[in-house]
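Here are the chains, one letter per residue:
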Amino acid sequence: MNTAVSVAVRQYFTSIRAALAGLELFLGDRNSPLYRNTVVGEVIVPYLARLKASIACWENRIGFVEHFRISRAESGFPVFQNVLELENDRQSAEKRLASIPAADALREEMADFILRQKAFPEALQARMAERLYLEQIGKGDIFSPFILPETIRVAVNPKTMRPYYVVSWGAFDGTQTLPMVYMATIEDSSEKIVEMLVTADGKLNPDVEIPLPVGGLLNPELASRFDDFASKNCAYSLTPVTIATNLDKDFPELHPKQLRRIVLGPFYSAGITENNARINDILSKVRKTENAWLLTWTVQEVFSKAERPASRGFWSSTPAQEEFHIDTDNLEAARMGVSAYEKHALVPHDAYQALYAAGEAAQVFGDYKVHVISGNQVVSEV
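Keep in mind it's a predicted model, so treat the numbers as computed, not measured.

S.K.: Account for the environment of Ala-123, naming residues and giving values.
M.R.: Turning to its location among the elements, Ala-123 is positioned in helix H6 (residues 122-139). Residue classification places Ala-123 among the exposed positions, given a relative accessible area of 60%.

Now the structure itself:
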């Protein structure tokens, strides 16, 4: 990796680490809208931790690879090939680590090389970077191309006398290069599950222990099929209403009442990304490069406004069907295929000041809810 590229890439990692740390700060802020909606905040946090772990791995990886590509003109995140390589390396990490000397031994070799050769030990440095990279992969979960569903909450709808689950899963879209988090609220009318989980007075059976979170859908008879469904219906090109409708059709026993998709990005970094020339030009004037970034995300939601009851005739029968609400009065909501959506922008105080001073703040942020980071505080909707 040549010096010019190395400087630019390291600047990129400094910016995106600061952005993800800022998002983590925002999620923990009691005044933030996502903190008040505890379910959404609770869902996003572990996926953010995965994304931070992936970034840490990639940052170590640039020490021993020739090229590292990001989606400069679109999302601002690392290209999908990096996500795939990270997943492949995770599976072979233990075997590769066994062939690399221990960190202390490498440090001794590096010191000895410098003393004897009076030069920088680039080859040994690359080996050290590879060891750190492989060790980092083993420290925790990363943001994989697809992250299997898990059930994070269980309750009972007293009106329908059905249990319902809050289920989440994740995906890194390869076409748009965007990390995404899904969460769905799903009622289950399976006879065995209703009998096991719901008491006569319409409450969750206290005698059934449920150690949340549970890997997969709580219903074991449908869990494998649900995993397969989620992996095949997680592309950004599919609208939330399409995914919810497909779920409703594919599983007669499951009744999706709400589906949310949180799309992280685009991410803007001065001197690195090219996804918006005007934004990047203004960000380049921010004095501290670690504050010259802007992170956006969108929360999309589709919900059921009614459930059409199942019908059973002599010759045929049809299962219950959800009627999903689409806000057709809002062209953007109709285009997204959602009942509602929110756009958010997170920006350091220095960068916001630069945008404001240039008279571009209103045009850049438009219908975004803006959250400005200043020190360890976040000021929302400025």
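S.K.: I'd like a rundown of the pattern of salt bridges, residues and numbers included.
M.R.: Counting across every chain of the model gives 27 salt bridges. Between Lys-369 and Glu-342 there is a salt bridge, with the nearest N and O atoms lying 3.3 Å from each other. Of this pair, Lys-369 sits in strand S11 (residues 368-374) while Glu-342 is found in strand S10 (residues 340-348), placing the two residues 27 residues apart along the sequence. For Lys-369, a relative accessible area of 27% gives the class partly exposed. One network of salt bridges, in which partners are shared, links Arg-61, Glu-85, Asp-89, Arg-96, Arg-127 and Glu-130.

S.K.: Account for H6, naming residues and giving values.
M.R.: For H6, which comprises 18 residues, the first-to-last C-alpha distance of 26 Å matches the rise-based estimate of 26 Å (1.5 Å per residue) to within 8%. Of the positions making up H6, those classed as buried are Leu-124, Met-128, Ala-129, Glu-130, Arg-131, Tyr-133, Leu-134, Gln-136 and Ile-137.

S.K.: I'd love a proper account of the nonpolar core, names of residues and values included.
M.R.: Ranked by internal contacts, the top residues of the largest apolar core, which has 55 residues, are Phe-13 and Leu-23. Listed in part, the 33 residues of the second largest apolar core include Val-154, Met-180, Leu-218 and Phe-229.

S.K.: Account for the side chain of Asn-82, naming residues and giving values.
M.R.: Structurally, the position occupied by Asn-82 is in helix H4 (residues 80-98). When near neighbours in sequence (up to four residues on either side) are disregarded, Asn-82 contacts Trp-58, Phe-68 and Arg-69.

S.K.: Before we move on, can you summarise the packing of aromatic side chains with the specific residues and values?
M.R.: Counted by the stated rule, this structure contains 16 aromatic pairs. Judged by centre distance (6.5 Å) and plane angle (45°), the rings of Phe-77 and Phe-267 are tilted. You can see Phe-77 sitting in the loop between helix H3 (38-61) and H4 and its partner Phe-267 sitting in strand S5 (residues 254-269), a full 190 residues away along the chain. In this pair, the class of Phe-77 matches that of Phe-267, namely buried. Both rings, one in Trp-169 and one in Tyr-182, keep their centres 5.5 Å apart while their planes meet at 10°; by these two values the pair is stacked. Residue Trp-169 is found in strand S2 (residues 162-173), and its partner Tyr-182 is found in strand S3 (residues 178-188); the two are separated by 13 residues along the sequence. Take Trp-169 and Tyr-182: they sit in the same class, and that class is buried. Pairwise contacts between aromatic rings join Tyr-12, Phe-13, Trp-58, Phe-68, Phe-77 and Phe-267 into one cluster.

Rules behind the numbers
Per chain, residues are indexed from 1 in the order of the written sequence. Owing to the predicted nature of the model, reporting of local features is limited to residues with pLDDT of at least 70; listing and counting of side-chain atom pairs is limited to 80 or more, with chain, interface and lining totals taken over all residues. Hydrogen atoms and water are omitted, and side-chain values are computed over all heavy atoms in the structure. Strands are runs of DSSP state E lasting at least two residues, helices are runs of H or I lasting at least four, and both sets are numbered from the N terminus onward. The rule is simple: take the accessible area with a 1.4 Å probe, protein chains only, and divide by the maximum for that residue type; under 20% is buried, over 50% is exposed, in between is partly exposed. Each reported salt bridge corresponds to a side-chain nitrogen of Lys or Arg within 4 Å of a carboxyl oxygen of Asp or Glu. To estimate how far a helix should extend, the number of its residues minus one is multiplied by 1.5 Å. As used here, the term nonpolar core means buried Ala, Val, Leu, Ile, Met, Phe, Trp, Tyr and Cys residues forming a set that is joined through side-chain atoms within 4.5 Å. Any two residues whose heavy atoms approach within 4.5 Å are treated as being in contact. Note on ring pairs: Phe, Tyr and Trp rings are taken, using the six-membered ring of Trp, and paired if centres are within 6.5 Å. Classes follow the plane angle, with under 30 degrees stacked, over 60 edge-to-face and the rest tilted.

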